[in-house]
Structure formats: C-alpha cells, structure tokens
Amino acid sequence: MVESVLRSVEAALPVKPVRAHRGKSARAEPVAALFEKGRAKFVGAFPDLEDELAGLMTGGGYEGPGSSPDRADAMVWALTELMLGKEPRVPRIMQL
C-alpha cells in the first residue's frame, strides 16, 4: 500500500520494499550505535520520532507513545540502507 501511495505522487520514485526478519528494537541497535559514535545526527527537531526512539527497549519491547514505533522503524530502515548497506551512500533530497 505504501509503495502505491508513493508512486501515485511520483511514478519514477525509487522504492525498495523490505521485509523484517527481526524485531524493531533489534533492528534499531546498529543505528543507535551510529548516533553514539557521532556518525549520524538529526538536523532539526523531530519530537514525535525522538519520543518513539526513547521508548525502544534493549532486548525488545516498546514503552513509548502509541502502540508501535512506526516513525522510529522507518528512520531505522532508511539509515540502515544509507549507512549500513553494502555500499554506504550519500543521502540526497529529491524535490517532488
């Protein structure tokens, strides 16, 4: 569904479908290490995302706002692709 919504805005938008094999907290651990080492940072204020990230528990579980940390998980997938993939890439901003 998400892919079809994105493609309705821009048909040529590069979209990579992913499938989770681990829990959200486990997927977030390598990305958290990037922030701890200073290799990643937020530019601007993202209070809803930061609240969700703070609710992720080591070893699994979630104790943040809402029933699921969807914003946090989307950020984790994006940084994993950009910085922890086979060939780290420089992020670009695409004007829609």
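Residues numbered from 1 in each chain as written. Predicted model: local features only at pLDDT ≥ 70, side-chain atom pairs only at ≥ 80, totals over all residues. Heavy atoms only, no water.

### Here's the deal with the side chain of R27
Then step 1. Within the secondary structure, R27 sits in helix α2 (residues 24-36).
Then step 2. According to the relative accessible area criterion, R27 is buried, its value standing at 10%.
Then step 3. Excluding anything up to four places from it in sequence, R27 contacts A20, R22, D73, V76 and W77. (Helix = DSSP H or I, 4+ residues; strand = E, 2+ residues; numbered from the N terminus. Buried < 20%, exposed > 50% of the residue type's maximum accessible area, 1.4 Å probe, protein only. Contact = heavy atoms within 4.5 Å.)

### Observations regarding the pattern of salt bridges
Then step 1. On inspection of all chains with the given rule, the structure shows 6 salt bridges.
Then step 2. Ionic pairing is found between D48 and R71, a salt bridge with its closest N-O pair at 3.9 Å. With a gap of 23 residues between them, D48 in helix α3 (residues 47-55) and R71 in helix α4 (residues 70-83) connect regions that are remote in the sequence.
Then step 3. The class of R71 is partly exposed, set by a relative accessible area of 47%.
Then step 4. Salt bridges here are not isolated pairs; linked through shared partners, they connect D48, E52 and R71. (Salt bridge = Lys/Arg side-chain N within 4 Å of Asp/Glu carboxyl O.)

### Brief notes about the layout of surface pockets
Then step 1. Its boundaries defined by the atoms lining it, the second largest pocket holds a volume of some 240 Å³.
Then step 2. If you trace the second largest pocket, you find 13 residues lining it, with A28, E29, A32, L53 and L56 closest to the centre.
Then step 3. When residues of the lining of the second largest pocket are traced back to their parent elements, those giving at least two are α2 and α4.
Then step 4. Tallying contributions element by element places α2 first for the lining of the second largest pocket, with 6 residues.
Then step 5. Here the residues of the lining of the second largest pocket are counted per class, giving 10 nonpolar, 2 polar and 1 charged. (1 Å grid on protein atoms, 1.4 Å probe; cavity = no way out; pocket = protein on both sides within 12 Å on 5 of 7 lines; lining within 4 Å. Points joined across faces, edges and corners; volume = space filled by probe spheres on them. Nonpolar A, V, L, I, M, F, W, Y, C, P; charged D, E, K, R; others polar.)

### Comments concerning the environment of A72
Then step 1. Mapped onto the elements, A72 comes out in helix α4.
Then step 2. Overall, A72 belongs to the buried group, its relative accessible area being 1%.
Then step 3. When the C-alpha atoms of A72 and K24 are compared, they prove to be 8.5 Å apart, with 48 residues separating the residues in sequence.

### Thoughts on the packing of α2 against α4
Then step 1. As a packed pair, α2 and α4 sit with axes 9 Å apart at the nearest point and diverge in direction by 60°. In terms of their interaxial angle, α2 and α4 are classed as oblique. Note that α2 runs across α4; the crossing there is left-handed. In this structure, α2 contributes K24, R27, A28, V31, L34 and F35 to the contact, and α4 contributes D70, D73, M75, V76, W77, L79, T80 and M83.
Then step 2. Here the residues of the contact of α2 with α4 sort into 9 nonpolar, 1 polar and 4 charged. (Axes fitted to C-alpha atoms, helices over the stretch in contact; angles between N-to-C directions. Parallel < 35°, antiparallel > 145°, perpendicular 65-115°, else oblique. Left-handed = near helix turned anticlockwise from the far one by under 90°.)

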